[in-house]
Amino acid sequence: MTALSRLEALPDWPARMTAPVAAAYMGISQNTFLTRFGAVGVKEGGNTLWARAQLDRIVADQFGLSLPGVAAGSGDAYADWKAQQG
């Protein structure tokens, strides 16, 4: 069973995701995901993880949507990364 087929059995996406899972969540290849968003992952031991909430903010920003409870300029890691992308 592959990682992606196991995801189909989940009632919801996990709060923290590895690159293959996060890429599937975003609907892009793992290579594309890492190229675009690799810098915003958080290292934990030998893993790099992305938060589902963080990915949701990226999508909301892409489509000009607002998310409840996320203030513009909140100073979070994603906002800092995005500002550096210029």
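A quick note: this is a predicted structure, and the numbers were derived from the prediction, not measured.

## Here's the deal with the overall build of the chain
Looking only at helices and strands, the chain features five helices and three strands. Along the chain, from the amino end to the carboxyl end, the secondary structure elements read α-β-α-α-β-β-α-α. Going through the 86 residues of the chain one by one, you find that 24% of them count as buried. Excluding contacts between residues fewer than 6 apart, the proportion of contacts in the chain whose partners are at least 24 apart in sequence is 42%. Surface exposure of the chain reaches about 5,800 Å², of which carbon and sulfur atoms provide 54%.

## Some points on the sheet that holds strand β1 (residues 16-17)
Strand order in the open sheet formed by three strands is β1-β3-β2, with antiparallel pairing between adjacent strands. Strand pairing shows two members of the sheet lacking a second neighbour, β1 and β2 (42-44), which therefore form its edges. As paired strands, β2 and strand β3 (residues 47-51) are joined by three bridges and run antiparallel to one another. The residue of β3 that forms the bridge with K43 is T48.

## Description of the packing of helix α2 (residues 19-26) against helix α4 (residues 52-62)
Packing of α2 against α4 leaves a shortest axis separation of 11 Å and a crossing angle of 35°. Like other packed secondary-structure pairs, α2 and α4 cross with a definite hand, here right-handed. Residue-level contacts link A22, Y25 and M26 of α2 to R52, L55, D56, I58 and V59 of α4. Looking at the contact of α2 with α4 residue by residue, the classes come out as six nonpolar, no polar and two charged.

Here is what the cut-offs are and how they apply
- Residues numbered from 1 in each chain as written.
- Predicted model: local features only at pLDDT ≥ 70, side-chain atom pairs only at ≥ 80, totals over all residues.
- Heavy atoms only, no water.
- Helix = DSSP H or I, 4+ residues; strand = E, 2+ residues; numbered from the N terminus.
- Buried < 20%, exposed > 50% of the residue type's maximum accessible area, 1.4 Å probe, protein only.
- Contact = heavy atoms within 4.5 Å.
- Areas by Shrake-Rupley, 256 points an atom, 1.4 Å probe, with all protein chains shown as cover.
- Pairing = 2+ DSSP bridges.
- Axes fitted to C-alpha atoms, helices over the stretch in contact; angles between N-to-C directions.
- Left-handed = near helix turned anticlockwise from the far one by under 90°.
- Nonpolar A, V, L, I, M, F, W, Y, C, P; charged D, E, K, R; others polar.

From the geometry alone we can't say anything about function, so treat these as descriptive.
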